[in-house]
Every structure is written in C-alpha cells, then in structure tokens.
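Tertiary structure, described
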Amino acid sequence: RQRLAGVISKGLSKESLVYLRQEFGDWSGTEHFLDNLYSAGGFLGIPGSQLIQMLKSSDLGGVKELQAIVSVSPAFVLDDNHRLILAKSDRDYDLRSAGHLNLSRLLARLITNGYVMDLQRLQAGTGMTKDELTVMYFDVKPLIVQFGLVQPTNMNFATSRFTEANLFTPSANGDDYLDMSEFSQLASMILSGLQLNNQVQTELGEQCIVKTGSIPAQDVMNVDCVIEFYRKNFTHIFSSMPDLTTYVSTKTPEVFHHMAYAFLKAAGWIPNAQNTAYRAETGLLPHVFQYSETALQRFDAKKVGALDDEDAAVAYPVYKPLLARFSGHKQDILNRAGFYFILKTGKIPCGFGDISDYIWNIWTHHPIGISTDRDRMSDVFDAIADAINGAAGSCKKAPTKDSFNDPGGPGHLESP
C-alpha cells in the first residue's frame, strides 16, 4: 500500500521486513504442509487429481495458490536433473516437484506484489501487466547480464516472457495479465529450460563457436553446427520429453533441421548470410522445444501426438486475443477460421480467399481436417513469430528445407 501511495523505500524498511517475514512464513507453512502430507501417507508420488483434493484440506494461502497451479495438464513434475517431464501420461507429483512449484510460486508472489501498480488488481489476484513486468526486468537487467543470461542490448526480454506465459504455459489464457499460475509455471519452465541448455553448453561451444564474445551470451555460433549437434544428441538432451524424442527419432535429418531452424527464428534469431547466431539465441532452442511440447501435450486430448479439430476448438480461446490484435478483425468467426488455417497449413492467411472454406465449415459444422503434429507445430511457431512482428497481413509460405538459408526470413519473436 505504501509503494502504491508513492512511498519508495531505499533499502529494507521495517515494513519490508514484516512483509518478507509474512511471505516466508506462507512459503514455509506450505512446505510443512506438503512434508506432512507426503510423510503421513507414505507417498512417493501423488496423481495431480488426487493432490488437488488433498490440498483443499488446508486454508493456507500458499496451499490454495498451489492448488490452482497443479490443477492443469501437463503436470509439472521434475526428473532427477531438475528438468520438466513432458509426456502424454502425466507423472505423479513427488515431494520435490511440489516443493519446486511452491518455490516458483513464492518467486512469482514477490515479483507480483513488488511491481503491480493497481491495489484492486493486486488484491483480486488478476496479475501483472506487460509494462509492470518490463519495469521489473530493467531493475534486474544488470544482474542477469552479468551472469551472461541476456545480451546488454536486449530490451525485449520481459515482453517475450510475458507473451510466452500467456500462450504456452498450462494455465495460459491469452489475456493481458500474467497471473500467479502462469507466472509460477513460467518460472518452472525457464529453470527447466536453463537446465536443458546448460547441460550441453561446454561441448556445444567447443564444437560450434565461431567468435568468442565479451560475455558468453555474445559468443557467435555456427547455426548448422548447432542444429546438427542437437540432432545427434537429441535423445540424451531431451530425455525428459520421451514422446518428443520418439517422434524426432523417426524423422529424417532434413525434417529436424526444418523444425530447429523454425524454432530458432521463433526464439529471436534472424537468418543472415554468415549463418551465425549469438549463444543467447541458440541457448533458447531448448526453451522453444519445451514450449511447443507443453502446448501440444496440453491440448492433445486423445494423446496421439497431433491436434485435431476438437483440440483446436479447445485451444482457440487462448490464442483468440493474439489473433484479434494482429488481424484487426472483431468478428469471431474470421479469427477462428484464421486460427484453424494456421494450425492446418502452418501459414498466415493472405486474405479472405484463404479462409472462406474454413468459415463455411465452421458455419455448417463440417470437419476442418486439422492434424497438427510436432513438425507442423514448428510452422505454427514461425507463423506466430510473423504475427508478433507485424506480418499478419503478409502472404507467408510454410517453411521448407529449401528455405533454411533465406536471409529474408519472415521475422522473429522478441529475443531474450
């Protein structure tokens, strides 16, 4: 309340210490509840649906927030290397994974309570705006630059993470706010992505570095070398995503190159004549694979490794605000038809002619024929990158293996 009233404390005030003690008490109380829950029942793991019911027995604020975080699929369970396990069959929550989500929840609470500028929105738990998250980023940017996680010139880190949380977390709803569940899940995904990336950085640098930068994030890497390294080591690197590794193992090198190339562009890389990228860009490749797999596992109700018409209908409300913003259309049927077109073709519609058949099928309840597998998902990410960068009205063909080195690529998501 004092912060929102304009009282800025330089350092830790008495009120700040009281607040931190309250938040720590809430976190530790939730930890204690979880410890008792697992030890009393002798549980090594608890299915998500059962854990939700067990969490309802507590009135602690932290436990109630945790209940919302675990009430969605895919379940955010960690493997032995602290990577998220993303598979068509949700794993049971062990105590470590539940505690990890509680820690992510604490981090989200501290940031949200420290930067939200509307008391009513704060009390309602609506979440942070993109601008508020951006203020936070610039406050901590010198520190994360020092750790080599972002480049000094990066101005869009917060915008990118906000977009990802609203589109690709299990709780994503596509609105204009970053709520507690989205924020907590985003934190877990970032930490998992860092683990995926860090496990190969030494070897990747030895094989693919072209020029050493002043900080690790600015090392220049050969793109073809990076993609080939990931292809050869994919099963090991991404063993926490068994369905993804099985899929990739059945595909040709050309198909994998196509997927990885599209994901690199979605991560912020712009193709160039030298075919190089900063380590900060290539380091995001595991994150984007993780985002894509989370979205697929979330909406693939039949667990067949592809999204169909029914899945697309469920997913549409999440992506509707983004589509409406960049298409400029207020008519829901036009945006829905555009969404189905993107999922089915991996392209951005050029005009009404592209979606007219889709509109008719929606209107008459006829099948669309969507079958979006992981390869097509990489096309969809590329299309989303175009939309975010203002190319929603352009005619863009789906990426092919022949367009790998096209310096006039369609654009990119804002890179970290």
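Owing to the predicted nature of the structure, the values given are computational and were not obtained by experimental measurement.

Bringing the packing of helix H17 (residues 332-345) against helix H18 (residues 352-364) into the picture now. It is the contact of H17 with H18, at a shortest axis distance of 8 Å, that shows an interaxial angle of 105°. Here H18 runs roughly perpendicular to H17, going by the angle between their axes. Residues Ile 333, Leu 334, Arg 336, Ala 337, Gly 338, Tyr 340, Phe 341, Lys 344 and Thr 345 of H17 form the contact with H18, whose participating residues are Phe 352, Asp 354, Ile 355, Tyr 358, Ile 359, Ile 362 and Trp 363. Taken together, the residues that form the contact of H17 with H18 break down as eleven nonpolar, two polar and three charged.

Glancing now at unusual backbone geometry. Negative phi characterises most residues that are not glycine, and trans characterises most peptide bonds. The amide bond that connects Ser 73 to the next residue, Pro 74, takes the cis arrangement and shows omega of 5°. Relative to the helices and strands, Pro 74 resides in the loop between helix H3 (61-69) and strand E1 (77-78). For His 82, which is not glycine, the phi torsion reads 65° and is therefore positive. Mapped onto the elements of the fold, His 82 is located in the loop between E1 and strand E2 (84-85). Looking at His 82, the relative accessible area reads 42%, which means it is partly exposed. Positioned with a positive phi, His 365 is a non-glycine residue whose angle comes to about 60°. Structurally, His 365 can be placed in the loop between H18 and helix H19 (374-388). Classification of His 365 as exposed rests on a relative accessible area of 73%.

Let us now look at the confidence of the model for the protein chain. Of the residues in the protein chain, 89% have a pLDDT of 70 or more, and the chain-wide mean is 88. In the predicted structure, residues 396-416 sits below a pLDDT of 50 and forms 67 contacts with residues beyond four places in sequence or in another chain.

Core analysis: the biggest nonpolar cluster contains 109 residues, and Tyr 230, Phe 289, Tyr 319 and Phe 339 have the highest contact counts within it. Not counting residues within four places of it along the chain, the set of residues in contact with Phe 339 comprises Ala 312, Ala 315, Tyr 316, Tyr 319 and Leu 323.

On to the packing of aromatic side chains, then. Evaluated as defined, the whole model comprises 20 aromatic pairs. Relative to Phe 138, the ring of Tyr 137 lies with its centre 5.2 Å away and its plane at 55°, an arrangement referred to as tilted. A ring pair is formed by Phe 234 and Phe 289, whose centres lie 5.3 Å apart and whose planes are at 65°; its orientation type is edge-to-face. A residue pair is termed long-range when its members are at least 10 positions apart, and Phe 234 in helix H11 (residues 234-237) and Phe 289 in helix H15 (residues 285-299) qualify at 55 residues. The class for Phe 234 is buried, based on a relative accessible area of 2%. Grouping aromatic residues by their ring pairs yields a cluster made of Phe 168, Phe 229, Tyr 230, Phe 234, Phe 238, Phe 256, Phe 263, Phe 289, Tyr 291 and Phe 381. The ring of Phe 157 is capped by Arg 161, whose NZ or CZ atom sits 4.7 Å from the centre of that ring.

Let us look at the sheet that holds strand E4 (residues 220-222). Strand order in this open sheet of three strands is E3-E4-E5, and the pairing throughout is antiparallel. Edge positions in the open sheet fall to strand E3 (209-211) and strand E5 (276-278), since each of these has one partner strand only. Strand-to-strand twist in this sheet, taken as the mean axis angle between neighbours without regard to direction, amounts to 45°. As judged from the two bridges shared by E3 and E4, these two strands associate in the antiparallel manner. Bridge pairing in E4 places Ile 209 opposite Met 221. The strands that helix H10 (residues 223-232) touches are E4 and E5; relative to E4, the one it contacts most, it runs at about 65°.

Here we come to the environment of Tyr 93. Residue placement: Tyr 93 occurs in the loop between E2 and helix H4 (95-115). Residue Tyr 93 is classed as buried on the basis of its relative accessible area, which comes to 2%. Distance from Tyr 93 to Phe 76, taken between C-alpha atoms, is 7.8 Å for residues 17 residues apart in sequence. Each residue touching Tyr 93, except ones within four places of it in the same chain, is listed here: Tyr 38, Leu 44, Gly 45, Ile 46, Gly 48, Leu 51, Val 70, Ala 75, Phe 76, Val 77 and Leu 101.

Considering all chains together, one arrives at one disulfide under this definition. Across a sulfur-sulfur distance of 2.0 Å, Cys 208 and Cys 225 are joined as a disulfide pair. Its torsion about the S-S bond being -75°, the disulfide of Cys 208 and Cys 225 is classed as left-handed. Of this pair, Cys 208 sits in helix H9 (residues 201-208) while Cys 225 is found in helix H10, placing the two residues 17 residues apart along the sequence.

The next subject is the pattern of salt bridges. Tallying each qualifying case throughout the model produces 18 salt bridges. Between Arg 374 and Glu 293 there is a salt bridge, with the nearest N and O atoms lying 2.8 Å from each other. Of the two residues, Arg 374 sits in helix H19 while Glu 293 sits in helix H15, which places them 81 residues apart along the sequence. Note on Arg 374: relative accessible area 6%, which makes it buried. Each member of the salt-bridge network shares a partner with another, and the members are Glu 23, Asp 26, Glu 65, Arg 105 and Arg 109.

Each value, and the rule that gives it
Residues numbered from 1 in each chain as written. Predicted model: local features only at pLDDT ≥ 70, side-chain atom pairs only at ≥ 80, totals over all residues. Heavy atoms only, no water. Axes fitted to C-alpha atoms, helices over the stretch in contact; angles between N-to-C directions. Helix = DSSP H or I, 4+ residues; strand = E, 2+ residues; numbered from the N terminus. Parallel < 35°, antiparallel > 145°, perpendicular 65-115°, else oblique. Contact = heavy atoms within 4.5 Å. Nonpolar A, V, L, I, M, F, W, Y, C, P; charged D, E, K, R; others polar. Buried < 20%, exposed > 50% of the residue type's maximum accessible area, 1.4 Å probe, protein only. pLDDT = per-residue confidence, 0-100. Core = buried A, V, L, I, M, F, W, Y, C linked by side-chain atoms within 4.5 Å. Phe/Tyr/Trp six-rings, centres within 6.5 Å; stacked < 30°, edge-to-face > 60°. Lys NZ or Arg CZ within 6 Å of the ring centre and 35° of its normal. Pairing = 2+ DSSP bridges. Disulfide = S-S within 2.5 Å. Salt bridge = Lys/Arg side-chain N within 4 Å of Asp/Glu carboxyl O.

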